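Analysis of the macromolecular model
One letter stands for each residue in the lines below.
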Amino acid sequence: MPDGRPFFVIGQWLGPDLTVWDVQAAPEDPGALNDTFEEIRWEAHDADGSVEVVYAASAEEAEATARREAAETDERIRRDLKQQRESRSPATSRRRRRVTHRYT
């Protein structure tokens, strides 16, 4: 079990940037948490946002944790994409077969 209680962090994630709209204490019962999460998720989705469940001791800690995780996730994605680009050899792109389409 994670440390702390669950909180819903509601907002808009844009890479490492997080605009927090609201932080709400979430139900501790797993069934109620899932039901409430689905309701809030649809509302946030309609406003082009999303919801994360974060375990923390307070709403302030939940927001700080969500911001830290957003930055860490962005950094990990950038690192992985860079490794993928670097692992592609020039010969790999030349081996791709060109398909010519002819329409009559």
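Since this is a predicted model, take the numbers as computed values, not measurements.

What counts as what
Residues numbered from 1 in each chain as written. Predicted model: local features only at pLDDT ≥ 70, side-chain atom pairs only at ≥ 80, totals over all residues. Heavy atoms only, no water. Helix = DSSP H or I, 4+ residues; strand = E, 2+ residues; numbered from the N terminus. Expected span 1.5 Å × (residues − 1). Contact = heavy atoms within 4.5 Å. Pairing = 2+ DSSP bridges. Patch = residues over 30% accessible without salt bridge, like charges linked within 9 Å, V, L, I, M, F, W, Y side chains within 5 Å. Areas by Shrake-Rupley, 256 points an atom, 1.4 Å probe, with all protein chains shown as cover. Salt bridge = Lys/Arg side-chain N within 4 Å of Asp/Glu carboxyl O. Lys, Arg positive; Asp, Glu negative; His and termini not counted. Charge placed at Lys NZ, Arg CZ, Asp CG, Glu CD. Buried < 20%, exposed > 50% of the residue type's maximum accessible area, 1.4 Å probe, protein only. Phe/Tyr/Trp six-rings, centres within 6.5 Å; stacked < 30°, edge-to-face > 60°. Lys NZ or Arg CZ within 6 Å of the ring centre and 35° of its normal.

**Regarding helix α2 (residues 59-87)**
In this model α2 runs 42 Å from its N-terminal to its C-terminal C-alpha over 29 residues, within 8% of the 42 Å that 1.5 Å per residue would give. Taken together, the buried residues of α2 touch β1 (5-14), β2 (17-25) and β3 (50-56).

**Side note on the pairing of β2**
Where β1 lies against β2, eight bridges are found, and the strand directions are antiparallel. Bridge assignment links Ile10 to a residue of β2, and that residue is Asp22. Counted along the chain from β1 to the antiparallel partner β2, the turn is two residues long, and its residue Gly15 has a positive phi close to 65°.

**Focus: a negative patch on the surface**
A surface patch of like charges, here negative, comprises Asp29, Asp35, Glu39, Glu43, Asp46 and Asp48. Its place among the elements puts Asp46 in helix α1 (residues 30-46). Residue classification places Asp46 among the exposed positions, given a relative accessible area of 64%.

**Digging into the pattern of salt bridges**
Under the definition given, this model contains six salt bridges. Note that Arg68 and Glu72 form a salt bridge whose closest N and O atoms lie 3.5 Å from each other. Of this pair, Arg68 and Glu72 both sit in helix α2, separated by four residues, roughly a single helical turn. Note that Arg78 and Asp74 form a salt bridge whose closest N and O atoms lie 2.8 Å from each other. Highlighted residues: Arg78 and Asp74, both in helix α2, separated by four residues, approximately one helical turn.

**Some thoughts on the packing of aromatic side chains**
Evaluated as defined, the whole model comprises one aromatic pair. The ring centre of Phe7 lies 5.6 Å from the NZ or CZ of Arg5, which sits over that ring. Across from the ring centre of Trp42, 4.8 Å away, lies the NZ or CZ of Arg41, which sits over that ring.

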